[in-house]
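Residue-level listing of the chains:
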Amino acid sequence: IAGFLIGPRMVMGLLAGCIGSAAMLAIMMGNAGGAWDNSKKLCEKLQIKKTDVGKACVVGDTVGDPFKDTSGPSLDILLKLMAMVSLLMAPLIDGKDDWELWYVGAIISLLCLIATGVLMYKGILTWKDPLGMAADGGSSASEKQVATLSEPTVTTAPVKAWGNDSGAA
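Because the structure is a prediction, the values reported are computed rather than measured.

**Describing the pattern of salt bridges**
Phase 1: This structure, assessed with the given rule, holds 4 salt bridges.
Phase 2: Across the salt bridge formed by lysine 40 and glutamate 44, the nearest N and O atoms sit 3.4 Å from each other. Note that lysine 40 and glutamate 44 are positioned in helix H2 (residues 8–46) at a spacing of 4 residues, about one turn of the helix.
Phase 3: Judged by relative accessible area, lysine 40 falls into the partly exposed class, the value being 26%.
Phase 4: The class for glutamate 44 is partly exposed, based on a relative accessible area of 37%.
Phase 5: Between aspartate 65 and lysine 68 there is a salt bridge, with its nearest N and O atoms 3.9 Å apart. With aspartate 65 and lysine 68 both in helix H3 (residues 52–93) and 3 residues apart, this pair spans about one turn of that helix.
Phase 6: By relative accessible area, which is 26% here, aspartate 65 ends up partly exposed.
Phase 7: Via salt bridges that share partners, Asp37, Lys41, Asp65 and Lys68 belong to a single interconnected network.

The rules behind the values
- Residues numbered from 1 in each chain as written.
- Predicted model: local features only at pLDDT ≥ 70, side-chain atom pairs only at ≥ 80, totals over all residues.
- Heavy atoms only, no water.
- Salt bridge = Lys/Arg side-chain N within 4 Å of Asp/Glu carboxyl O.
- Helix = DSSP H or I, 4+ residues; strand = E, 2+ residues; numbered from the N terminus.
- Buried < 20%, exposed > 50% of the residue type's maximum accessible area, 1.4 Å probe, protein only.

Right, here's the structure in full:
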């Protein structure tokens with residue numbers, strides 16, 4: 001959208017800024033997650049798990065594992081995805097001046113806003129926590145529907161023995 005709305009220089013600036021900031025953030029998250037994970041190992045080694053410091057190490061491990069294992073690597077994938085999409089869209093904006101195809105970017109932005117509005121109107125895109133009311137013991141109609149849909153039901157059917165046409169098992 002940025003390439004169509006403003007131009008190729010905008011895409012170059014966007015990619016440069018994202019690569020610089022996201023790469024540093026991914027490295028920081030990987031290192032911080034590893035440090036938090038190592039702090040728990042140190043607490044286990046020093047046998048201070050039952051103290052307040054040991055409890056803090058457990059909390060640090062809870063935060064450190066997602067940092068190290070998911071958040072940092074996912075930023076690397078995001079950088080690659082942004083670069084690939086930009087490379088695929090580059091021929092469409094090649095040789096264009098800034099603001100030359102502004103109407104294409106405006107149409108794409110307008111379609112995205114309309115789609116967002118429709119999804120919000122239908123209740124698909126919402127700020128509500130789908131599990132929030134269930135934890136509080138809420139009883140609105142939508143939560144009851146979710147609860148009844150998630151409960152397993154057992155149905156029985158007549159059992160017919162192989163080779164027996166009388167229907168008795």
